[in-house]
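Residues per chain are reported as follows:
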Amino acid sequence: MSDWPETGDDFFVTQWTKKGWVRGQGVFNDESPCFNKDYTSSVDGMNVPLISHEIGQYAVYPNLREIEKYKGVLDPLNFKAVRADLQEKGLLSKADDYLNASGKLAAILYKEEIERALKTPGFSGFQLLDLHDFPGQGTALVGLLDAFWDSKGIVAAEDFRNFCSPVVPLTRFPKAIYTNNELFEATVEIANYAASDIENKKISWNLFGPGRKSVASGYFDAAHIEKGKNSVIGKISASLNQVTVATCLTLEVAVVETPYKNSWSVWVYPENVAINAGDVCVTDNLEKALSELSKGRKVLLSPPVGALKGIEGKFVPVFWSPIHFPKQAGSMGILCDSGHSALSDFPTENHTDWQWWHLLKNSKTLVVDSIAPVSAIVEHVDNFANNRRLVSVFEATCNGGKLLFSSMDILSEKNRKYPEIRQLLYSLLNYMNSETFKPCSELPKEDLNKLVDSEIHEVKSSSATSIY
């Protein structure tokens, strides 16, 4: 592939042009979440049809239940090796959770990939790689379906068709995270690549919270939506001031009296969240933490990211195959206990979604195989070539006190501007100040020292005193 069509080309199939990417793989880890972008600038001046090449390729953890499907001459030795490795490490019970959490993240990224393509004027199509797994090239498990074209339980067919079908409702809005003193504003569009125009159909929209309790809703009269193009329908605006606690809202847009609908998540946090340390020592300094723990105190420790020993924090999962491309950093997304009391004030599913972007990018992922077992609140799905125990937030008793450790930077001044980071800190402190904060695992202080580079830490740490 060249980066621009050659003279005489009838069409152009590519992942990027000389003006930029035309697929999300080169974008989603580097740009904070936004849903008003497309690839217009990358195709500016293109004079032949362009097809975006091999979009997707987000690795999903192996579905070990697939092993029993092999009844003939093929033997899934790769899956059996992963199963044996998990069994040896005492992690086999997590296999289904690893599949679900990594798969949900892949589906979220596929959705945004496809929608950006549909929003781009001048695009003539896109190629997915792949809707099902490719067993070759060292095991490329990039499918939402398995190698037998069966569902992995990640996304239902009807849900996938909401964003990948002949007619797709689309929206453009600038970010995933809002505070409740803001307006939510979005532009509604309809991509119509069906066989005929859409006539005399209303377009409905609804912004709602849990239990489908509506924050705002409305209709557009759309007398004529032309086939073969993406049409702007209108703009919506909604005040978020009635959202008083951290909430994940859903924006749903539908072509009334048709099967065509689509939806997006929007996270809203209180603008003035009162962060109160209570009787918790909040610090980024290891020595301070150990000293306060020795007094029997509760300590929230979040050292500077640069001082942590661990893996580079990333939002996107490993690409294509961690066997074929073994030097990739990162994991296959988070796996958290969404029902844990520590996350009661931080709405989340058990997998990565867009509200975790700044938290993951400002973090290191800790490898905790060599320390005593800890109680993970936010762990990670390692790529299946390694199957290490990976953690970002954990709790334990330590040095006579009770510890909650975060390798996501939730304390530095530069990150306090992000509502989701403030909200996670608020949620963790509420938990630590409650009677439910009773860590059941014990971490020797020597093991805590293994997670921090003491020489770098002395330079990076902002102070030896509590921050809050």
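Whatever comes next refers back to the structure up there.
Residues numbered from 1 in each chain as written. Predicted model: local features only at pLDDT ≥ 70, side-chain atom pairs only at ≥ 80, totals over all residues. Heavy atoms only, no water.

Bringing the packing of aromatic side chains into the picture now. Taken as a whole and judged by the stated rule, the model has 18 aromatic pairs. Consider the rings of Tyr178 and Phe184, whose centres lie 5.4 Å apart with planes at 70 degrees: the pair is edge-to-face. Across the pair, exposure class does not vary: Tyr178 and Phe184 are buried alike. Taking the centre distance of 5.2 Å and the plane angle of 5 degrees together, the rings of Phe394 and Phe405 count as stacked. Pair noted here: Phe394 is in strand β20 (residues 390-398) and Phe405 is in strand β21 (residues 401-406), with a separation of 11 residues, a long-range link. Each member of the pair Phe394 and Phe405 is classed as buried. Three or more aromatic residues link up through ring pairs in this structure, and these residues are Phe28, Phe35, Phe173, Tyr178, Phe184, Phe315 and Trp354. (Phe/Tyr/Trp six-rings, centres within 6.5 Å; stacked < 30°, edge-to-face > 60°. Buried < 20%, exposed > 50% of the residue type's maximum accessible area, 1.4 Å probe, protein only. Helix = DSSP H or I, 4+ residues; strand = E, 2+ residues; numbered from the N terminus.)

Here we come to helix α7 (residues 419-432). Owing to its 3.6 residues per turn, the α-helix aligns residues three or four sequence positions apart on the same side. Taking 1.5 Å per residue, 14 residues should reach 20 Å; α7 reaches 20 Å between its end C-alpha atoms and fits that length. Taking burial as the measure, the 14 residues of α7 include 12 buried ones, the bulk of the element. Of the positions making up α7, those classed as buried are Pro419, Glu420, Ile421, Arg422, Gln423, Leu424, Leu425, Ser427, Leu428, Leu429, Tyr431 and Met432. (Expected span 1.5 Å × (residues − 1).)

Our focus in this paragraph is the pattern of salt bridges. Counted by the stated rule, this structure contains 22 salt bridges. In this structure, Lys80 and Asp75 form a salt bridge, with 2.8 Å as the shortest nitrogen-oxygen distance. Residue Lys80 is classed as partly exposed on the basis of its relative accessible area, which comes to 32%. Assessed through its relative accessible area of 41%, Asp75 is described here as partly exposed. Notably, a salt bridge pairs Glu257 with Lys201, separated by 3.6 Å at the nearest N-O pair. Remark: Lys201 occurs in strand β9 (residues 198-208) and Glu257 occurs in the loop between β12 (247-255) and β13 (261-269); sequence separation between them is 56 residues. One continuous salt-bridge network, built from bridges that share partners, spans Lys288, Glu292, Lys295 and Arg297. (Salt bridge = Lys/Arg side-chain N within 4 Å of Asp/Glu carboxyl O.)

By size, the foremost hydrophobic cluster in this structure holds 91 residues, and its most contacted members are Phe184, Ile203, Leu300 and Ile410. Here the element with the most residues in this core is helix α3 (residues 95-119); it accounts for nine residues. Those residues in contact with Leu300 that sit more than four places away from it in its chain are Val280, Cys281, Val282, Thr283, Leu404, Ile410, Leu425, Leu428, Leu429 and Met432. With 24 residues, the next largest nonpolar core counts Cys281, Ala289, Val368 and Phe405 among its residues. (Core = buried A, V, L, I, M, F, W, Y, C linked by side-chain atoms within 4.5 Å. Contact = heavy atoms within 4.5 Å.)

Bringing the sheet that holds strand β1 (residues 12-14) into the picture now. Spatially, three strands are ordered β1-β4-β5 in an open sheet, and the strand pairing comes out parallel. Edge positions in the open sheet fall to β1 and β5 (123-129), since each of these has one partner strand only. Strand-to-strand, the axes of this sheet are offset by a mean angle of 20 degrees, without reference to chain direction. One ladder, built from five bridges, connects strand β4 (residues 50-56) with β5; its direction is parallel. Each bridged residue has a counterpart across the sheet, and for Ile51 the counterpart in β5 is Gly125. (Pairing = 2+ DSSP bridges. Axes fitted to C-alpha atoms, helices over the stretch in contact; angles between N-to-C directions.)

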